[in-house]
Amino acid sequence: MKKHFTLTLLLVLGLLQGCNVAVLDPMSETAKEQTFLINFSFSLMMIVLIIVFLLMARFVWKYRETDKNKHVIPKDVKGNRKLEIAWTILPVLLLVVLAIPTIAITYDQSASSPAATEKQAGEIHIDVKAQQFFWTFTYENGKESSKELVLPKGKPIIFHLKSKDVIHSFWIPSLGGKTDVLPGKELVYEIDNPKIGTYDGKCAEFCGVNHTKMRFKTKVVSVEAYHKWLKK
Ligand SMILES: [Cu+2]
């Protein structure tokens, strides 16, 4: 028994290695909103789970077999209207509560939202081109980089994502969720208000044998340092 437990624990830990904890430590406004959604839906789920498990434990104990009730046959009950109504309405209410922030944030962050498509002052626009097996980042003054992506802190960064060949996926876990990069169609993705730091970025869609080589470093620096770097 003990051996099985240790083996299972090792297996679970091994599987968890693939998880990216950076997602739960958001370093931009965009990532913060996304983490809020994860935490919010997880909390709602846990509330339901805990109530169900407590009730189950209570019923298992309450209706257990004792010497007294050993030969009693329970009364056959044909439904309970109040209960039926309650457990139909409650899940609907929970879904509504879950849907409101989810829809609001998803639409606000979506590639087709007006915030993402209309150019506004103060925004930084960067072209991101994916191809097997590297990225090309093109900045507003025409400068290009590949292994590192440099961003100014505190600004809305608008990425214009394009692929030269197959489907890739642009992902900087600390700064925001993944977005597909498609051949033949430009997608727009915004990362708002990143904090200073260096973050891992990668391709999150298996795109061929050297897929794992599509890693890059994202450096978020001060606005002055960013302009200095651009001129270099
Ligand atoms: Cu790729």
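Predicted model, so just to flag it, every value in this text is computed and none were measured.

A. Up close: the UniProt feature "transmembrane region" (unreviewed entry) in the chain. The UniProt record annotates "transmembrane region" (unreviewed entry) at residues 37-61 and 85-107. Secondary structure within residues 37-61 divides into 100% helix and 0% strand; the distance between the first and last C-alpha atoms comes to 36 Å. End C-alpha to end C-alpha, residues 85-107 measures 32 Å, and it is 100% helix and 0% strand.

B. Just the pairing of strand β6 (residues 168-172), in detail. The buried fraction of β6 amounts to 5 of the 5 residues, a majority that puts the element mostly inside the structure. What you see with β6 is no split at all: His-168, Phe-170 and Ile-172 on one side and Ser-169 and Trp-171 on the other are buried throughout. Examined bridge by bridge, β6 and strand β7 (residues 176-181) share 4 bridges and lie antiparallel to one another. Across the sheet, His-168 pairs through a bridge with Val-181, a residue of β7. Connecting β6 to the next strand, β7, in antiparallel fashion are 3 residues. Two strands pair when backbone bridges link them, and β6 and strand β9 (residues 197-203) are joined in this way by 2 bridges, in the antiparallel orientation. Note that in β9 the partner of Trp-171 across the bridge is Lys-202.

C. Quick look at the coordination of the copper ion. Every protein donor of the copper ion is accounted for by His-168 (ND1), Cys-203 (SG), Cys-207 (SG) and Met-214 (SD), and the metal-donor separations fall at 2.1 to 2.6 Å. What the 4 donor atoms of the copper ion show is an angle range of 93 to 123° at the metal, which sorts the shape as tetrahedral. Motif for the copper ion, donor spacing along one chain: H-x34-C-x3-C-x6-M. Taken together, the positions of His-168 in strand β6 and Cys-203 in strand β9 put the pair 35 residues apart, joining distant regions of the chain. Here His-168 matches Cys-203 in class, with each residue buried.

D. Region of interest: the sheet that holds strand β3 (residues 144-145). Pairing within the open sheet is mixed, and its 5 strands lie in the order β3-β2-β1-β5-β8. What marks the edges here is a single partner per strand, and that holds for β3 and β8 (187-192). Direction of pairing for strand β1 (residues 124-131) relative to strand β5 (residues 156-163): parallel, over a ladder of 7 bridges. Opposite Ile-126, over in β5, you have Phe-159 as the bridge partner.

E. Representation of a nonpolar patch on the surface. The grouping of Val-48, Leu-49, Val-52, Phe-53, Met-56, Val-60 and Leu-94 at the surface amounts to a nonpolar patch, some 610 Å² of accessible area in total. When residues in the nonpolar patch are grouped by element, the largest group, 6 residues, is from helix α2 (residues 29-62). Residue position: Val-52 is located in helix α2. In this structure Val-52 comes out as partly exposed when scored by relative accessible area, which is 45%.

F. Here's a closer look at the pattern of salt bridges. Scanning the model with the defined rule gives 4 salt bridges in all. Asp-127 is paired through a salt bridge with Lys-162; the nearest N and O atoms lie 3.9 Å apart. In this pair, Asp-127 is assigned in strand β1 and Lys-162 in strand β5, connecting sequence segments 35 residues apart. Assessed through its relative accessible area of 34%, Lys-162 is described here as partly exposed.

Parameters at a glance
- Throughout, residues of each chain are indexed from 1 in the direction in which the sequence is written.
- Owing to the predicted nature of the model, reporting of local features is limited to residues with pLDDT of at least 70; listing and counting of side-chain atom pairs is limited to 80 or more, with chain, interface and lining totals taken over all residues.
- Water and hydrogen atoms were dropped before computing side-chain values, which therefore reflect all heavy atoms in the structure.
- UniProt positions are given in the numbering used here, feature names are shortened, and annotations may be inferred rather than shown by experiment.
- Helix numbering and strand numbering both begin at the N terminus, where a helix is a DSSP run of H or I of at least 4 residues and a strand a DSSP run of E of at least 2.
- Only protein chains enter the accessibility calculation, which uses a 1.4 Å probe; a residue is then buried when its area is under 20% of its type maximum, exposed when over 50%, and partly exposed in between.
- Strand pairing is assigned whenever DSSP detects at least two bridges linking the two strands.
- With water omitted from the atoms examined, metal sites may look incomplete; donors here are N, O and S atoms no farther than 2.8 Å from the metal, or 3.2 Å in the case of Na, K and Ca.
- A four-donor site is called tetrahedral if each angle lies between 85 and 135 degrees; a four-donor site is square planar, and a six-donor site octahedral, when trans pairs exceed 155 degrees and the remaining angles lie between 65 and 115; all other cases are labelled irregular.
- Patches were defined on residues exceeding 30% relative accessible area and lacking a salt bridge, with like-charge contacts within 9 Å and nonpolar side-chain contacts (Val, Leu, Ile, Met, Phe, Trp, Tyr) within 5 Å.
- Using a 1.4 Å probe, the Shrake-Rupley method yields the accessible areas, and only the shown protein chains count as cover for residues.
- By salt bridge we mean one thing: a side-chain nitrogen of Lys or Arg within 4 Å of a carboxyl oxygen of Asp or Glu.

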